[in-house]
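# Coordinate analysis (summary)
Spelled out, the chains give:
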Amino acid sequence: MYNFVIFGYSWDLYKISYSDVIGSENVRYIPNYEPTNNKLLNLLFKIHFSEKINKIVKLPFKNWWYKSYFKNDFTTERPLCFFFFGRQLVLQKYGYVDYLKSKYPKAKFVCFFQDLIAQHDVNNIPYLKSVFDLLISFDHKEAIQYNIEYFSL
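Attention here is on the structure that accompanies the text.

Reading the values: rules and limits
Residues numbered from 1 in each chain as written. Predicted model: local features only at pLDDT ≥ 70, side-chain atom pairs only at ≥ 80, totals over all residues. Heavy atoms only, no water. Helix = DSSP H or I, 4+ residues; strand = E, 2+ residues; numbered from the N terminus. Rg over C-alpha atoms; globule rule 2.2 N^0.38 Å. Buried < 20%, exposed > 50% of the residue type's maximum accessible area, 1.4 Å probe, protein only. Lys, Arg positive; Asp, Glu negative; His and termini not counted. Charge placed at Lys NZ, Arg CZ, Asp CG, Glu CD. Arc of directions from axis to C-beta. Polar contact = N/O pair within 3.5 Å; in protein donor to acceptor, adjacent residues only side chain to side chain. Contact = heavy atoms within 4.5 Å. Pairing = 2+ DSSP bridges. Salt bridge = Lys/Arg side-chain N within 4 Å of Asp/Glu carboxyl O.

### What to know about the overall build of the protein
Assigned secondary structure in the protein consists of eight helices and six strands. Secondary structure elements of the protein occur, N-terminal to C-terminal, as β-α-β-α-α-α-β-α-α-β-α-β-α-β. By the compact-globule yardstick of 15 Å for 153 residues, the protein fits well, its C-alpha radius of gyration being 16 Å. Each of the three principal axes of the protein carries a C-alpha extent, and together these read 45 × 40 × 30 Å. Counting every position in the protein, which comprises 153 residues, the buried fraction comes to 42%. Taking the average location of the 19 positive side-chain charges in the protein and that of its 14 negative ones, the two points are 7 Å from each other.

Have a look at this one:
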């Protein structure tokens, strides 16, 4: 059995879809990446990770925020499984998955594409296979094309 960390969204659709597991002892659902309750810090965070700004100039020191995304507060010690959605691959681009891998070397990493892979900024499947233990697509044709797991929505 694992402790699961799901990097989700704050949209109601996701909260409803994952309502069966949200609040479980072995699940942490992280609906967004606002690192604190401080509005000014959250604004700085959003600016720091803005896609528009980072296309113009790569802002350094993004790793400063990493510790605030997830705090391992599970009461039962189990192996960790980190679950990302395809739209969150921007975190991999900025090194967050690498940070988690170094901090939790025995953890498993899963990425679930809930829309077409071609729609993603980071869609290099051989590279992603080297980063994630499991890649899943909602699209049966893409799952066959990229030789990844298929799971319907």
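### Focus: helix α2 (residues 39–48)
Inspection of α2 places Asn42, Phe45 and His48 among the buried residues, and these make up the whole buried set. Considered in projection along α2, the buried side chains sweep an arc of 120° and stay on one side of the axis. Relative to its buried face, α2 has exposed residues pointing more than 90 degrees away, namely Lys39 and Leu40. At the N-terminal end of α2, a side-chain oxygen is found 2.9 Å from the backbone nitrogen of Leu40, two or three residues along, and the residue is Asn38.

### Describing the environment of Val5
Tracing the backbone shows Val5 in strand β1 (residues 3–7). Classification of Val5 as buried rests on a relative accessible area of 0%. Sequence separation between Val5 and Phe82 is 77 residues, and the spatial gap between their C-alpha atoms is 4.8 Å. Not counting residues within four places of it along the chain, the set of residues in contact with Val5 comprises Arg28, Ile30, Phe70, Phe74, Leu80, Cys81, Phe82 and Phe83.

### Here we look at the pairing of strand β3 (residues 80–85)
Taking burial as the measure, the six residues of β3 include six buried ones, the bulk of the element. Burial along β3 is two-sided: the face carrying Leu80, Phe82 and Phe84 and the face carrying Cys81, Phe83 and Phe85 are both buried. Sheet analysis places β1 next to β3, joined by five bridges and oriented parallel. Bridge pairing links Phe7 to Phe84 in β3. Relative to strand β4 (residues 108–113), β3 runs parallel, the two being bridged by five bridges. Across the sheet, residue Phe85 finds its bridge partner in β4, namely Phe112.

### Focus on the pattern of salt bridges
Per the counting criterion, the structure on display carries two salt bridges. For the salt bridge of Glu25 with Arg78, the shortest nitrogen-to-oxygen distance reads 3.9 Å. Of the two residues, Glu25 is situated in the loop between α1 (12–17) and β2 (27–30) and Arg78 in the loop between α4 (66–69) and β3; the sequence distance between them amounts to 53 residues. Relative accessible area serves as the criterion here: at 45%, Glu25 is assigned to the partly exposed category. Classification of Arg78 by relative accessible area gives partly exposed; the value is 24%. A salt bridge links Arg28 to Asp73, with the shortest nitrogen-to-oxygen separation between them at 2.8 Å. Here the residue Arg28 occupies a position in strand β2, and Asp73 occupies one in the loop between α4 and β3, the gap between them amounting to 45 residues. Judged by its relative accessible area of 46%, Asp73 falls in the partly exposed class.

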